[in-house]
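Now for the letters of each chain:
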Protein chains: 2
Amino acid sequence: MAATPIAEELARKQKEISVAEFFERNKQLLGFDSPTRAMLTSIKEAVDNSLDACEEAGMLPELLLEIREHSKGEYFVACQDNGPGIVKQNIPSVFGRLLYGSRFHAIRQSRGQQGIGISAVVMYAMLTTGRPTRVISKIGPDHPAIAMELILDTKKNAPDVLKQEVILWKDPRARVEDGPAREVKHGTRVEFVIKARYIRGKQSPYDYLRSCAIVNPHARIVLVEPDGTQTVFDRATEKMPAQCVEIKPHPEGLELGTLLKMAKETESYKLTSFLVNDFSRVSLDKARQVAQKAGLAENLRPKALDLEGAKRLVGAFKEVRLMAPPTDCLSPIGETLIRKGMKKDVSADFVVTHTRPASVYSGNPFQVESGLMYGGALGKEDQSTLLRFANRVPLLFQQGGCAITHAIEGMDWRRYGLEQKGGKGLPSGPVLFLVHIACTKIPFTSESKEAVADVPEIMAEVELAMRECARKMQVHIKKRARLAKLKEKEEIIRQLLPLIAQKSAHLLGRPVPPIEPVVAKIMNSVLIKEEIEFDEKKKLHHVRLEIINFTPTRKKFKLLSVVPADALVPGVDPKPSSMENHIITWDLKGLQTAERLQLGFDLMGLDKDGFDECELYVKDIDPELVNGAEPWDAEAYEKRLNEKDEEEEEEELPDENGGPGGKGSCGKGGED
Amino acid sequence: MAATPIAEELARKQKEISVAEFFERNKQLLGFDSPTRAMLTSIKEAVDNSLDACEEAGMLPELLLEIREHSKGEYFVACQDNGPGIVKQNIPSVFGRLLYGSRFHAIRQSRGQQGIGISAVVMYAMLTTGRPTRVISKIGPDHPAIAMELILDTKKNAPDVLKQEVILWKDPRARVEDGPAREVKHGTRVEFVIKARYIRGKQSPYDYLRSCAIVNPHARIVLVEPDGTQTVFDRATEKMPAQCVEIKPHPEGLELGTLLKMAKETESYKLTSFLVNDFSRVSLDKARQVAQKAGLAENLRPKALDLEGAKRLVGAFKEVRLMAPPTDCLSPIGETLIRKGMKKDVSADFVVTHTRPASVYSGNPFQVESGLMYGGALGKEDQSTLLRFANRVPLLFQQGGCAITHAIEGMDWRRYGLEQKGGKGLPSGPVLFLVHIACTKIPFTSESKEAVADVPEIMAEVELAMRECARKMQVHIKKRARLAKLKEKEEIIRQLLPLIAQKSAHLLGRPVPPIEPVVAKIMNSVLIKEEIEFDEKKKLHHVRLEIINFTPTRKKFKLLSVVPADALVPGVDPKPSSMENHIITWDLKGLQTAERLQLGFDLMGLDKDGFDECELYVKDIDPELVNGAEPWDAEAYEKRLNEKDEEEEEEELPDENGGPGGKGSCGKGGED
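Residues numbered from 1 in each chain as written. Chains lettered and ligands numbered in written order. Predicted model: local features only at pLDDT ≥ 70, side-chain atom pairs only at ≥ 80, totals over all residues. Heavy atoms only, no water.

## Remarks on the sheet that holds strand β21 (residues 578–580) of chain B
The 5 strands lie next to each other as β21-β22-β19-β24-β26 (chain B), forming an open sheet whose pairing is mixed. This sheet does not close on itself; its edge strands, each paired only once, are β21 and β26 (630–631) of chain B. (Pairing = 2+ DSSP bridges. Helix = DSSP H or I, 4+ residues; strand = E, 2+ residues; numbered from the N terminus.)

## As for the interface of chain A and chain B
Each partner contributes residues to the interface: chain A has 92 residues there, and chain B has 92 residues. Buried area between chain A and chain B, summed over both chains or domains, comes out near 8200 Å², and the portion from carbon and sulfur atoms is 54%. One can count 11 salt bridges joining chain A with chain B. For A:K261, the salt bridge is made with B:E24, and the minimal N-O distance between the two is 2.7 Å. Run the count over chain A and chain B and you get 21 residue pairs in polar contact (both at pLDDT 80 or more). Going through the elements one at a time, α1 (3–13), β1 (15–16), α2 (19–25), α3 (35–56), β4 (100–101), α5 (117–129), α8 (256–265) and α11 (307–319) of chain A are the ones with two or more residues in the side of chain A that touches chain B. In the side of chain A that touches chain B, the residues fall into 34 nonpolar, 29 polar and 29 charged. Alignment of β1(A) against strand β4 (residues 100–101) of chain B, held across 2 bridges, turns out to be antiparallel. For A:E16, the partnering residue across the bridge sits in β4(B) and is B:Y100. (Contact = heavy atoms within 4.5 Å. Buried area = accessible area lost by both parts, 1.4 Å probe. Salt bridge = Lys/Arg side-chain N within 4 Å of Asp/Glu carboxyl O. Polar contact = N/O pair within 3.5 Å; in protein donor to acceptor, adjacent residues only side chain to side chain. Nonpolar A, V, L, I, M, F, W, Y, C, P; charged D, E, K, R; others polar.)

## Looking at the pattern of salt bridges
One pass over the full model with this rule turns up 77 salt bridges over all chains. Linking A:E191 and A:R189 is a salt bridge whose minimum nitrogen-to-oxygen distance equals 2.7 Å. Between B:K27 and A:E255 there is a salt bridge whose closest N-O contact spans 3.4 Å. With B:K27 in the loop between α2 (19–25) and α3 (35–56) and A:E255 in the loop between β10 (230–233) and α8, this residue pair bridges two chains. A single burial state applies to B:K27 and to A:E255, both of which are buried. The network of salt bridges with shared partners includes A:E66, A:R68, A:R134, A:R189 and A:E191. (Buried < 20%, exposed > 50% of the residue type's maximum accessible area, 1.4 Å probe, protein only.)

## Some details on the packing of helix α9 (residues 271–278) of chain B against helix α10 (residues 284–294) of chain B
All names here are of chain B. Interhelical geometry of α9 versus α10 gives an angle of 130° and a closest axis separation of 9 Å. With respect to α10, the element α9 is oriented oblique. Our pair here, α9 against α10, has a crossing hand that is right-handed. Note on element contacts: α10 touches α9 through L284, A287, R288, V290 and A291, opposite L271, T272, L275 and V276. Of the residues that constitute the contact of α9 with α10, the class distribution is 7 nonpolar, 1 polar and 1 charged. (Axes fitted to C-alpha atoms, helices over the stretch in contact; angles between N-to-C directions. Parallel < 35°, antiparallel > 145°, perpendicular 65-115°, else oblique. Left-handed = near helix turned anticlockwise from the far one by under 90°.)

## Thoughts on the relation of the copies chain A and chain B
Mapping chain A onto chain B leaves a residual RMSD of 0.3 Å; the transformation is a rotation of 180° accompanied by 0.1 Å of translation along its axis. On this basis, the relationship between the two copies can be described by a two-fold rotation axis. Counting the interface residues of chain A, we find that 99% of their copies in chain B are interface residues as well, pointing to one common contact surface. (Least-squares fit on C-alpha atoms with pLDDT ≥ 70 in both.)

## Here we look at the side chain of B:T41
In this structure, B:T41 sits in helix α3. Residues in contact with B:T41, not counting those within four places in the same chain, are B:L30, B:G31 and B:F32.

## Looking at a positive patch on the surface
Together, A:K478, A:R482, A:K485 and A:K489 make up a positively charged patch on the protein surface. Its place among the elements puts A:K489 in helix α14 (residues 456–508). (Patch = residues over 30% accessible without salt bridge, like charges linked within 9 Å, V, L, I, M, F, W, Y side chains within 5 Å. Areas by Shrake-Rupley, 256 points an atom, 1.4 Å probe, with all protein chains shown as cover. Lys, Arg positive; Asp, Glu negative; His and termini not counted. Charge placed at Lys NZ, Arg CZ, Asp CG, Glu CD.)

## A closer look at helix α8 (residues 256–265) of chain B
Of all the residues in α8(B), the buried ones are B:L256, B:G257, B:L259, B:L260, B:M262 and B:A263. In this structure, the buried side of α8(B) is in contact with α5 of chain A together with α9 and α11 (307–319) of chain B.

## Let's talk about the domain arrangement of chain A
The domain boundaries assigned to chain A delineate domain 1 (19–233), domain 2 (256–319), domain 3 (347–475) and domain 4 (516–636). The gap between the C-alpha centroids of domain 1 of chain A and domain 2 of chain A is 43 Å. (Domains from an automatic or database assignment.)

## A few points about the sheet that holds strand β17 (residues 525–535) of chain A
Two orientations exist for strands paired in a sheet by backbone hydrogen bonds: parallel and antiparallel. Residue and element names in this part refer to chain A. Taken together, 5 strands build an open sheet; the order of strands is β20-β23-β18-β17-β25 and the sheet is mixed. Across the chains shown, the open sheet's two edge strands, defined by having one partner strand only, are β20 (568–573) and β25 (626–627). In this structure, strand β18 (residues 540–550) lies alongside strand β23 (residues 596–604), joined through 9 bridges in antiparallel fashion. When the sheet's bridge partners are listed, E546 is paired in β23 with Q598. Across the sheet, α14 touches β17, β18, β23 and β25, and the angle it forms with β17 is around 115°.

Shown next, in the form of structure tokens:
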């Protein structure tokens, strides 16, 4: 066989592929695999860009999104923001070049991180309707508004500006919202025509913006749909989310190759100063420890670091305990705002949210927030609903391919009282899950940014966050079920017993006997009822507890109420025996049969929606006798506290790749 | 507010991102999101490349894959093939540059289509272990073997060759397989060290190669695992799959942008010759029709084609009926080989496979093949199993994010007798599904090539292919259930009746009465039993049918047997009343109560495993009386035949985007 010509023939076909040609041929990677999805992807990229720009400039976002049918199967889309604008010379590259952007190299949470999104839309518009994209930008009141028409040349992956002019930019929001036609002060507007399909309902632009509003309560977005319908997603808060600070790489989970590259490029002349200057959380003291453990000289020139040295350095990072990365590069939404957003969406019997402390994967800080709703308007027979978010962006597609889904599917929900076929997969029943991942670099499974990759550390954190919610849901379900049963029992007894007593007394001609001891004998239970009221004026939650001893004997026990960590407790009545670690403890010295006792306390600093069920426990009494409180488990509570402080190692990490969670703080909890 | 400085400050951060830097930071896009998956991805890319190279050169693939633990958490991987080799000057770019390759622009089925795979492995190796990749290549017996050590410079996305030498290349297969240490004639070997984890079981390299063997029966692969275990996946056939021919783009579903670009770059001077020369399936006659419908002059210079003209041209393509794209660019596996592969893997009661005719999405020809197994060793309680393949490559990850999964999940399997919660999701029960998509460009959801995007046309074809299998499974399940019930009934009757008859005859002192009429009265059924035997020598399937009239009256009806389209029927006994359209029809003139009739026929040209259940139908008799055959439905069969010939429009396409299936042939059916 003559092998020569084959290899040489093949060689002639081998050539370079432009990155734009690559994505042109693989549009589905960017989220353009169907007309419906193309519409959503285009809108998402434009909106994400606008929100990022406004937040970076510290401006409350004010967006206008207009969608019109242009011709059959073609839609005109315009997205306008009140952001800082884009300087003229950068407009072509921002919109007409793939892999170009400001957020790719920055280590902090942002929506756009790839430098692909909006340029991909420009490319898709050209490819499907042959029309250029129009961009208007104004960077300040004293600057002219620049309008540009451009396309992306896929052969070169470079912008091609077809037209450029200075215009007088009247705010179309005035037209849309019937205000005076002012001139725009600053902002960006992008207009394109794409082949797409406009739908409403699930996975629609409307659905996207509605979800967007849950996690971006500081943004105001006006949507004008093709049929003229106008919807205002108004802001729920005037407060900007905490601005995310750019940080340096954290040594935890650092790749060898990255370390070598950093050492080659550093401006430091000594190993220790390289470690201190180019990484976060490495003090001079720690740097010296690291160098020593790695067996490297402190004054080694970083550029001289070889493979073996780098390997030892990576090993030493693991041995020397470093502080977890700073979390001010992240902007979680916070338990209260998530709860608020969920409640606005659906009404349910029970809502719980949880924000995990920050963690790290491959050197990237991230933080998981979870929410769970149960009962109420949620369908009993249906499959549970899952809302996924990444860096405040709703993820509407690719649910089945997402680490968030996989983590929840992998949990045994039967243990928490839900129905789940074979103990795997999404459980069914009246449940809604919400997960938000905040991260300096979300590991998406594709450029379309709709699913998170199965990174073991992230999956473990999602599971931990969900377990916290699940545990509370389980208590709630059990408590409700027992109370409902007891209520039924009590009702029957209270209706029947007096009748029986009267009847038999009458028959026997004797006085009616006291009923309470009999009730107690039958009920044989200490009942704890709770009532929560919110005082709008004083912004206080009044909690009232009533304890009734429905047992035939005197009862003596301790009642504990765990209060939210972020709440103040201005008043407790009667005086508790102790108050520490967010636990109010009452020592109930003795409660006679049928005796009732009133207890109460106030909580301050919580949102109206922030508290709707007490966490009650009892001690020194057979828990089987008590209804309305759980048996106290000091060890479990200890563990919970520790988990919050993240002192313990995450023994849950399913992979050797998982680093310890670090000992960072509890996260900032967003803007609330 | 001073907006100027903000926009200008942001502008300073905007910069270009190298494609390699992009993928370095987004390794998960390439399938490197966990150490386990990194191992599989690396092996997959190397094996896919080797198989592609061998097939392109028309050589039967002979692969050696060696995996050794290099140090804790680091593995050495070597993949060697007997392919055509790579010419020296191209080795650096093939292995050290992302977006470089020979298969990206070619319109024909191949495993690698992106020009990313193996270079990504080289990058990952460098990044995680700091080690260069070693490549050995020899392009023929008279050429030297070249060994090269290289890395990928991510800043430049360019190869950096560290070492290059000519070596004497002894075949390590000799060492592994204990043969003589010959010199390698031609081939490629790639060696790298990666941070990874080696597992066995699900989603392991072993699992991958095992699945690979099902769809690549012509390849021989030797696997040496880290513990020294050696497995040979031997070839099941010496026949190469039909070589895939490169075709030109088909006008169906062509994007406007692509058309404009092609018009700009064509070497033709006239519109009609441009259409004839640069597209497939456009004859001069059709080209003239298209030009006329588009209102364009036949001699219009393609370079002068404007947006409006191009739009009209795209419209005209839809109006003029063109032949479906040629399918010799595809290489389906074929029903028989799929059946064989499935049977080798698991033993089941029932196997059915189906190859759909070729179809098109956005101008890309594709073909879907499906397989379904039921019962036997498959677990009754478990969720069904799904094996996914794309261009003969097993897809092991991202099942939940794949169009194949979504198409199957969207079907109501309860209609076909399977359990399926809420009529959605993968059904449970003893079922295994297999789907293979062959396409000139598989629309993967990410560069890691583990899931197919939700392209409506593909999903519709998967559903059609699966429905064909599901329908047959349903008939099988019903038939089995009825026969089992009947068998039970018959057994009881046959055991009890003679005893009763004897006993009562004895008691009354009268002769034992004939039993058959009584049996018939109770059974009231015409029973059709089948027996299939394979004659190894003559390569014939002998089919024997027995018909027993277990009814009290004489029965007259027609029996039809549908035989596989690809089988010859050399003998039928007794002579049928007709034989056409793959249907054998017997006219059964009259069968007395308890009368038995033997029928039989032989099938030729089918694989041993290719036939294990008859398709039997009856006509002109109450089908309720018959067990072992279905009522004949001429209309349904007509429809089936038409579907095969693809004369009808695919009314199932769920999207306006879906083009007609075309009127192409039935596909080549692979190498069988």
